[in-house]
Structure formats: structure tokens, C-alpha cells
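Chain residues, written in single-letter form:
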Amino acid sequence: MSDEYTQDEQNLPPPRFTIHIILDDFPIDVQIVGSAKRLRNALKSLREIGAVAPAAARQARTERIREAPICPYHGPMKESTKRPGTWYCSHKMGDGSYCKERA
Ligand SMILES: [Zn+2]
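Computed from a predicted structure; not experimentally measured.

Time to look at the overall build of the protein chain. Regarding its fold elements, the protein chain presents three helices and six strands. Starting at the N terminus and ending at the C terminus, the protein chain contains elements arranged as α-β-β-α-α-β-β-β-β. Residue burial in the protein chain is summarised as follows: out of 103 residues, 5% are buried. Long-range pairs, those at least 24 residues apart, make up 28% of the contacts in the protein chain with a sequence separation of at least 6.

What follows is the structure, encoded as C-alpha cells:
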């Protein structure tokens, strides 16, 4: 008899866990049946192949946005689609002309 479980717990069906992960930007649901120890091992293996929790993926996206240069008048700039790596401010100044801030 295992000293990890009481008799009652052994009679229960194994617990089932569903984990939501992000792997290479794809959301994936992983089902794990078994003990919490098995869940921990599964999480460890998932991390080793580069899976992250959805909250962590969201955080990474937010940090990418924060890298945008800041216009002193309007806040974060937008990246140029024509010239990636260059940034412009898409807002207008008080007089109606486009903001000329660039980075
Ligand atoms: Zn601006």
C-alpha cells in the first residue's frame, strides 16, 4: 500500500486536469489524468519544449508593445508597415496637422 494516499483516495477515479498552454503562439489544451505529481511532471516537460501559460504569453505581448518609442505628445508610436523598424506617431496635433514625431 502506498503511503502517499489514504484508502479512500485510492478508491476514487484518478483526477483529471486540463491545462491551457501556448506553444509557438498556438493555444493548446492538454489533458492529464493522474496524480498532482504527474501534473507537475507534465508541466515540467511542457516547459522544456517551450510551452508557456496564456498569462505569460499575454505578458510577453504587452512587453513588446511597451518597446514602442513614445511620442512626447501622444504616447506609444506605431511601427511603419512600409519600413519595419521605423516608428511614427499616427495622431494629429492640436492644429489638425499630423504629428511629425519619428523614431
Ligand atoms: Zn505624436
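Take the pairing of strand β2 (residues 26-33) next. Judged by how many residues are buried, β2 sits mostly at the surface: zero of eight residues are covered. Pairing analysis gives eight bridges linking strand β1 (residues 16-23) to β2, with the strands arranged antiparallel. In the sheet register, L23 faces β2, and the bridge partner there is F26. In this structure, the hairpin formed by β1 and β2 is closed by a connection of two residues, where D24 is found at a positive phi of approximately 50 degrees.

Since one α-helical turn is 3.6 residues long, residues separated by three or four positions face the same way. Over its 13 residues, helix α2 (residues 36-48) extends 18 Å from the first C-alpha to the last, a length consistent with the 18 Å expected when each residue adds 1.5 Å. The element α2 is largely exposed, with a buried count of zero among its 13 residues. Positive phi shows up at G50, right after α2, with a value of about 100 degrees.

Among all residues except glycine, the phi angle is most often negative; among peptide bonds, the trans geometry is most common. Residue D24 is not a glycine yet carries a positive backbone phi of 50 degrees. Relative to the assigned elements, D24 resides in the loop between β1 and β2. Residue classification places D24 among the exposed residues on the basis of 9 C-beta atoms within 10 Å. Backbone geometry at D25 places phi at a positive 70 degrees, although glycine is not the residue there. Mapping D25 onto the fold places it in the loop between β1 and β2. You can call D25 exposed: it has 8 C-beta atoms within 10 Å.

Calculation notes
- In this convention, every chain numbers its residues from 1, walking through the sequence in written order.
- Local features in this predicted model are restricted to residues whose pLDDT is 70 or higher, and side-chain atom pairs enter the listing and the counts only when it is 80 or higher, whereas totals over whole chains, interfaces and linings include all residues.
- Put simply, DSSP H or I for four residues or longer makes a helix, DSSP E for two residues or longer makes a strand, and each gets a number counted from the N terminus.
- Exposed residues have 12 or fewer other C-beta atoms within 10 Å of their own C-beta, buried residues have 20 or more, and residues in between are partly exposed; the C-beta atoms are placed from the backbone.
- Contacts are defined on C-beta atoms placed from the backbone: any two residues whose C-beta positions lie within 7 Å are in contact.
- Two strands make a pair as long as DSSP finds a minimum of two bridges between them.
- Helix span is expected to be 1.5 Å times the residue number reduced by one.

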